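What follows is each chain in one-letter form.
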Amino acid sequence: MRYVFTGKNMSVTEGIKERATSKLGRLEKLLPDNAEVYVTFSEHKHLTKMEVTVPMHKRTLRAEVSDEDVANCMDQAVDILERQVVKYKSRLRDRRRRAVATTDELTFINAPEAEVDSSTEIIITRTKKFALKPMDAQEAVMEMELLNHSFYVFRNSWTDEINVVYKRNDGEYGLIEPQ
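Residues numbered from 1 in each chain as written. Predicted model: local features only at pLDDT ≥ 70, side-chain atom pairs only at ≥ 80, totals over all residues. Heavy atoms only, no water.

(A) Broad picture of the overall build of the chain. Of the regular secondary structure elements, the chain holds four helices and eight strands. Sorting the 179 residues of the chain into buried and exposed places 34% on the buried side. Contacts spanning at least 24 positions in sequence make up 40% of the contacts within the chain whose residues lie at least 6 apart. Approximately 11900 Å² of the chain is accessible, and the part contributed by carbon and sulfur atoms is 49%. (Helix = DSSP H or I, 4+ residues; strand = E, 2+ residues; numbered from the N terminus. Buried < 20%, exposed > 50% of the residue type's maximum accessible area, 1.4 Å probe, protein only. Contact = heavy atoms within 4.5 Å. Areas by Shrake-Rupley, 256 points an atom, 1.4 Å probe, with all protein chains shown as cover.)

(B) Expanded view of the pairing of strand β2 (residues 36-44). Two strands pair when backbone bridges link them, and strand β1 (residues 2-8) and β2 are joined in this way by seven bridges, in the parallel orientation. The partner of G7 across the bridge, within β2, is F41. Regarding topology, helix α1 (residues 14-24) serves as the crossover connection from β1 to the parallel β2, and that connection is left-handed. Counting the residues between successive antiparallel strands, the hairpin from β2 to strand β3 (residues 47-55) contains two residues, one of them, K45, with a positive phi of roughly 55°. (Pairing = 2+ DSSP bridges. Right-handed = clockwise from strand over helix to strand, strands pointing away.)

(C) Inspection of helix α4 (residues 137-147) at higher detail. Within α4, the full set of buried residues consists of A140, V141 and M144. Here the buried residues of α4 occupy an arc of 100° about the axis, which is enough to place them on one side. Across α4 from its buried face, at more than 90 degrees, point the exposed residues Q138, M142 and L146. Looking at the buried side of α4, the elements it contacts are β5 (134-135), β6 (151-156), β7 (162-167) and β8 (173-176). Positive backbone phi, approximately 60°, marks N148, located one or two places after α4. (Arc of directions from axis to C-beta.)

(D) Main features of α1. Those residues of α1 not exposed but buried are I16, A20 and L24. Down the axis, α1 shows its buried residues gathered within 55° of arc, on one side only. For α1, the exposed residues lying more than 90 degrees away from the buried face are E14, E18 and S22.

(E) Region of the structure containing the sheet that holds β5. Taken together, four strands build an open sheet; the order of strands is β5-β6-β7-β8 and the sheet is mixed. The sheet terminates laterally at β5 and β8, the two strands that pair on one side only. Strand direction decides the pairing type here: β7 and β8, joined by four bridges, are antiparallel. When the sheet's bridge partners are listed, V164 is paired in β8 with I176.

(F) Region of the structure containing the sheet that holds β2. Ordered in space as β1-β2-β3-β4, the four strands form an open sheet in which the pairing is mixed. Only two strands of the sheet have a single partner each, and these edge strands are β1 and β4 (60-67). On average, each strand axis in the sheet is tilted by 15° relative to the strand beside it, whichever way the strands run. Here α1 sits on the sheet in contact with β1, β2 and β3, set at roughly 135° to β1. (Axes fitted to C-alpha atoms, helices over the stretch in contact; angles between N-to-C directions.)

(G) Focus on the pattern of salt bridges. A full pass over the atoms with the stated rule returns twelve salt bridges. Put simply, R2 and E36 hold a salt bridge, and the shortest N to O gap is 2.4 Å. Of the two residues, R2 is situated in strand β1 and E36 in strand β2; the sequence distance between them amounts to 34 residues. On the basis of relative accessibility, which here comes to 45%, the residue R2 falls in the partly exposed class. (Salt bridge = Lys/Arg side-chain N within 4 Å of Asp/Glu carboxyl O.)

Given below as structure tokens:
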């Protein structure tokens, strides 16, 4: 695996890199040899935040953990990523029974068969249809706030494409646009 370390509001020392590499080494048995692991450390007041992103064949694994201790962040992030890999492989296996198209994705993940829980199934309980009003992102944020939702889907009046605005954990807003 190849690791890419970055630091925001802090410098990532060689000691932190070595410790993170050894902790994330637990994932080597689950991920392919050519996997790239992007690790970002940031410091906010007294908390250290660790974000780990692993782009995969057709999906992206991601863990974001904040703690006072860097070692605790690393342990929690690795645990989250291990669970995601096992759950991902289990879903692919369930889908493989229905579709042959996911076979190449399934071989990409190296999770052991014994660890995979087959009880995880995605169930959509509600479907909602609504008309998309053309508006700009500012109007969409106002609509989202009026509805007290965490996201809002709208048709962008400038580009005529479907966009999503959402409220971020830091209290600010984000905009998702298609490429």
